[in-house]
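Residues per chain are reported as follows:
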Amino acid sequence: MGRHGRFYAAPAREEDARPITRSTIRRVLATFAPYRSKVALVGLAIVVTSGLGVVNPLMIVVVFNKALFGSSLGSNDCGGVACPNLPLLYRYVGIMIAVPIVTSVIGIGQTYLTNLVGLRVMQDLRNRLYSHLQFMPLRFFTTTRTGEIQSRLANDVGGVQTVVTDTMSTVLSNFVTIVSTLVAMLFLSVPLTLLSLFLMPLFVWLTAKVGKARRQVATSTQKTLADLTAITEETLSVSGILLSKSFGRQRYEIDRFGGENRRLTGLQIRQTMIGRSFFAVVGTFFSITPALVYLVAGWVNSGHPAKPILYGTLVGFTTLQSRLFFPIGSMLQVSTDVQSSFALFDRVFEYLDMDHEIEDAPDAVALSPASVRGHVRLRAARFRYDEPPPEGLPVSPPDATSPPEAERREWTLDGVDIEIQPGQLAALVGPSGAGKTTITYLVPRLYDVQEGAVEIDGHDVRNIRLQSLGDIIGVVTQETYLFHTTIRRNLLYGKPDADERELEAAARAANIYDRIVELPEGFDTIVGERGYKLSGGEKQRLAIARVILKDPRILILDEATSSLDTESEMEVQKALANLMEGRTTFVIAHRLSTVRKADRIIVLSSGSIKEIGGHEELLESGGEYSRLYSLQFNG
Ligand code: ATP
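Residues numbered from 1 in each chain as written. Predicted model: local features only at pLDDT ≥ 70, side-chain atom pairs only at ≥ 80, totals over all residues. Heavy atoms only, no water.

Chemist: Please provide a residue-by-residue account of the overall build of the protein, values included.
Modeler: Each helix and strand counted, the protein has 21 helices and twelve strands in total. The long-range fraction of contacts in the protein, counting pairs at least 24 apart against all pairs at least 6 apart in sequence, stands at 81%. For the protein, the computed accessible surface area is about 32,400 Å², with 59% contributed by carbon and sulfur atoms. (Helix = DSSP H or I, 4+ residues; strand = E, 2+ residues; numbered from the N terminus. Contact = heavy atoms within 4.5 Å. Areas by Shrake-Rupley, 256 points an atom, 1.4 Å probe, with all protein chains shown as cover.)

Have a look at this one:
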């Protein structure tokens, strides 16, 4: 399974396209529930407009047979045929003009409502998905490509709108059209209707084949589009472009993009051609069938000259018949559309169904930041990043090393015990990969321990409301993330209701005030994407000011390594000293000065604590710390 948790497997693809299940249908319907009255109105409008569609073809019959060439006026001979009955013609023509006008007017209202419902459902789903993603655990984001997430939020949810505006209304309108047309055809002539139905199986078979091919290509296109988005996102981000430039891999990236892009074009051409063949099938049938109708009419009329099929009936019938092919063909296509639309819903639901993993326990308590003292304790904490293998599977191959050894290697943190008193400074030291960062992830519940517990003021963090946990813990990482907006807004992220005075005080405490006021627009200067227009040290000091504003009781700090120059580093150090004042602080210490003044130095190695104590004490004991000290700090 590797680092990819089994909960975040690749999304639904062509090869694992699932059948539409009842529960999906129920959930899709539920997304429409808030708009049920509008949906009902749309349905009614569709039934009325599609039903009205048979009126004019039927009017043709009476116009021809009664008004234009009506036998009732047979005495007046108009060049060999009966003369028109003008009063009747006026009435019929009036109806034939009124019907399309009424249909169009209802159609406009229907389009408005359908779009409204479609866009609202899309808006709701997008909001739900985004909110759900906000609470997904860090584990999800470390194992899922950003492009993939964006594609679900943009393409899949976007696709859902088409389902409503196009697919759903097409299904209903086609259904009503087919039924009403068939009834009208039967009413006009049973033998001609039977002829039309006789041709249908061939038509249905051809269209179904085209539909299947279309669905397959559509799914592949969707996947390729997602891949292309992911590549773009990965490689054209600031970090991505930096990487490709610094490794001189632009050519490789261009080729990779080119390959996917070529694939996309190929698929799109196939998609267009398949669409075209659909119209070819419909078009052919459309043209051939009237000829066959005339043939059968000829046979019928020569067989029963006393009861002939009249002109009007023939013209009306062929008009009706032409109304049949497109809806039937499109119904078959639509059935595949419905399937792919449900697949889109499924992809959205798949994300919505993912477990948040880290959630408020039902009896979780809300701690008020003011009352928190900041006593932190890890009790025999055991943690690993990968989910344990499914039950029943052995953790390690049976012939691996002895069981205790094999099990030990599974844990990133293995039985960590730490107790930090309120206001103390705890320095985490140890070689790379020892688990220092992982410990700092456990306190704010970015991950939960699998065994043991993490406690704040005696409360297991799993029993503290996540919101209040977020309020009492502040984090400053080496990699500072700033939003592409003004300095003010970036700072206010720490305390949205902070006033100007608080903002200024925080900036001063973080040693960044003078630099901010020097900037052309001061606090209103917009920082570049991810704050790239600011120096590393400045960004860090802004991040520190942000946390100072937040004023958390517990602080987690990843000290900057050598990325800063000495002067900038001193500025940051001063800012940090102000920040740490009076707060329980965990620091991943890279600097001797920090380590020396720490109340507790926690020496980690391969996920376990090797030593805990003060600087002098640990040096004297001559253990791991003194070895690290001479290696890391004493050089
Ligand atoms: P460094 O000083 O290099 O940052 P560290 O002591 O902070 O190291 P951690 O980042 O806590 O070490 O990592 C501990 C172990 O967990 C390492 O072996 C690392 O590869 C692994 N690890 C870290 N993050 C993840 C992750 N998201 N998924 C799986 N394994 C991870």
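Past the structure itself, the notes keep going.
Chemist: With reference to specific residues and values, describe the site of the ligand.
Modeler: The environment of the ligand is formed by twelve residues, the closest being Ser432, Gly433, Lys436, Thr437 and Thr438. For the ligand, an oxygen atom lies 2.8 Å from a polar atom in the backbone of Gly433. Gly435 places a main-chain nitrogen or oxygen 2.9 Å from an oxygen atom of the ligand. The fraction of the free accessible surface of the ligand (640 Å²) that becomes covered by protein chains is 66%. Among the residues making up the shell around the ligand, the classes are represented as four nonpolar, six polar and two charged. (Near = heavy atom within 4 Å. Polar contact = N/O pair within 3.5 Å; in protein donor to acceptor, adjacent residues only side chain to side chain. Nonpolar A, V, L, I, M, F, W, Y, C, P; charged D, E, K, R; others polar.)

Chemist: Talk me through the sheet that holds strand 6 (residues 451-456); I want residue IDs and the actual numbers.
Modeler: The antiparallel open sheet is built from four strands, whose spatial order is 4-3-6-7. In this open sheet, the two edge strands, each paired with only one partner strand, are strand 4 (413-420) and strand 7 (459-460). Sheet analysis places strand 3 (residues 376-383) next to strand 6, joined by five bridges and oriented antiparallel. Bridging from a neighbouring strand, Arg382 pairs with Glu451 of strand 6. (Pairing = 2+ DSSP bridges.)

Chemist: Would you mind going over the packing of helix 3 (residues 55-68) against helix 4 (residues 86-134) in detail, with residue names and values included?
Modeler: Running from N to C, helix 3 and helix 4 cross one another at 170 degrees; their axes reach a closest spacing of 10 Å. Overall, the two elements helix 3 and helix 4 adopt an arrangement that is roughly antiparallel. On helix 4, the residues touching Val55, Asn56, Met59, Ile60, Val62, Val63, Lys66, Ala67 and Leu68 of helix 3 are Leu88, Leu89, Tyr92, Ile95, Met96, Val99 and Pro100. Split into classes, the residues belonging to the contact of helix 3 with helix 4 amount to 14 nonpolar, one polar and one charged. (Axes fitted to C-alpha atoms, helices over the stretch in contact; angles between N-to-C directions. Parallel < 35°, antiparallel > 145°, perpendicular 65-115°, else oblique.)

Chemist: Could you give an account of unusual backbone geometry, naming the residues involved and the relevant values?
Modeler: Residues other than glycine seldom take positive phi values, yet Asp457 does so here, at roughly 50 degrees. With respect to the helices and strands, the residue Asp457 is situated in the loop between strand 6 and strand 7. Of note, the phi angle at Ser606 is positive, near 45 degrees, even though the residue is not glycine. Mapped onto the elements of the fold, Ser606 is located in the loop between strand 11 (600-605) and strand 12 (608-613). Among the residues examined, Ser606 registers a relative accessible area of 47% and is labelled partly exposed. (Buried < 20%, exposed > 50% of the residue type's maximum accessible area, 1.4 Å probe, protein only.)

Chemist: Please provide a residue-by-residue account of the nonpolar core, values included.
Modeler: Counting 43 residues, the largest nonpolar core has Ile544 and Leu579 as the members making the most contacts within it. The element contributing the most residues to this core is helix 17 (residues 536-550), with six residues. Core analysis: the second largest hydrophobic core is formed by 31 residues, Val372, Val416, Val443 and Ile456 among them. (Core = buried A, V, L, I, M, F, W, Y, C linked by side-chain atoms within 4.5 Å.)

Chemist: I'd like a rundown of the packing of aromatic side chains, residues and numbers included.
Modeler: Taken as a whole and assessed by the stated rule, the structure comprises 13 aromatic pairs. Centre to centre, the rings of Phe140 and Tyr351 are 5.6 Å apart; their planes meet at 85 degrees, and the pair counts as edge-to-face. Linking Phe140 in helix 5 (residues 138-143) with Tyr351 in helix 10 (residues 311-353), this pair joins segments that are 211 residues apart in sequence. For Tyr351, a relative accessible area of 4% translates into the label buried. With a centroid separation of 5.7 Å and 40 degrees between ring planes, the pair formed by Tyr441 and Tyr447 is classed as tilted. A relative accessible area of 25% means that Tyr441 is categorised as partly exposed. Counting every residue linked through ring pairs, the aromatic cluster contains Phe383, Tyr385, Tyr441 and Tyr447. The ring centre of Tyr252 lies 4.1 Å from the NZ or CZ of Arg249, which sits over that ring. (Phe/Tyr/Trp six-rings, centres within 6.5 Å; stacked < 30°, edge-to-face > 60°. Lys NZ or Arg CZ within 6 Å of the ring centre and 35° of its normal.)

Chemist: I'd love a proper account of the pairing of strand 6, names of residues and values included.
Modeler: Along any regular strand the residues' side chains alternate between the sheet's two faces. Pairing analysis gives two bridges linking strand 6 to strand 7, with the strands arranged antiparallel. Looking at strand 7, one finds that Ile456 is bridged to His459. The antiparallel pairing of strand 6 with strand 7 creates a hairpin that spans two residues between the two strands, and Asp457 there sits at a positive phi of about 50 degrees.

Chemist: So what about helix 7 (residues 190-235)? Which residues, and what values?
Modeler: Helix length check: helix 7 (46 residues) gives 65 Å between terminal C-alpha atoms against 68 Å at 1.5 Å per residue, within 8%. Its side-chain oxygen 3.2 Å from the backbone nitrogen of Leu192, Ser189 forms the N-cap of helix 7. (Expected span 1.5 Å × (residues − 1).)

Chemist: Can you tell me about the pattern of salt bridges, naming the residues and giving the values?
Modeler: For the coordinates displayed, the defined rule picks out 24 salt bridges. Two residues, Arg152 and Glu350, come together in a salt bridge whose shortest N-O distance is 2.8 Å. With Arg152 in helix 6 (residues 146-188) and Glu350 in helix 10, this residue pair connects regions lying 198 residues apart in the sequence. Measuring nitrogen to oxygen at the nearest pair gives 3.0 Å for the salt bridge that ties Asp524 to Arg488. Of this pair, Asp524 sits in the loop between helix 16 (513-518) and helix 17 while Arg488 sits in helix 14 (residues 487-492), and the two are 36 residues apart along the sequence. Shared partners join several salt bridges into a network, and the residues in it are Glu148, Arg152, Asp156, Arg347 and Glu350. (Salt bridge = Lys/Arg side-chain N within 4 Å of Asp/Glu carboxyl O.)

Chemist: Break down a nonpolar patch on the surface for me, with residues and values.
Modeler: Together, Val93, Ile97, Ile101 and Val105 give the surface a local cluster of nonpolar side chains, amounting to about 350 Å² of exposed area. Within the secondary structure layout, Ile97 lies in helix 4. (Patch = residues over 30% accessible without salt bridge, like charges linked within 9 Å, V, L, I, M, F, W, Y side chains within 5 Å.)

Chemist: Can you lay out the side chain of Ser468 for me, pointing to particular residues and giving the numbers?
Modeler: Positionally, Ser468 belongs in helix 13 (residues 466-472). Overall, Ser468 belongs to the buried group, its relative accessible area being 6%. Within the structure, the side chain of Ser468 is placed 3.2 Å from the backbone nitrogen of Leu367, a separation counted as a polar contact.

Chemist: Describe the sheet that holds strand 12, and please don't skip the residues or the numbers.
Modeler: Within a beta sheet, neighbouring strands are joined by backbone hydrogen bonds and run either parallel or antiparallel to one another. Read from one edge of the open sheet, six strands run 8-9-10-5-11-12, paired in mixed fashion. In the strand order of this sheet, the two ends are held by strand 8 (473-476) and strand 12, each with one partner. In this sheet, adjacent strand axes meet at a mean angle of 15 degrees when their direction is disregarded. Looking at chain direction, strand 5 (residues 425-429) and strand 10 (residues 584-588) are connected through four bridges and run parallel. Its bridge partner lying in strand 10, Ala426 is registered against Phe586. Along the sheet, helix 17 contacts strand 8 and strand 9 (554-558); its crossing angle with strand 8, the most-contacted strand, is approximately 175 degrees.

Chemist: Account for the environment of Phe279, with residues named and values stated.
Modeler: Considering the arrangement of structural elements, one finds Phe279 in helix 9 (residues 250-303). A residue is classified by how much of its surface remains accessible, and Phe279, at 47% relative accessible area, is partly exposed. Through-space distance from the C-alpha of Phe279 to that of Phe326 is 8.7 Å; in sequence the pair is 47 residues apart.

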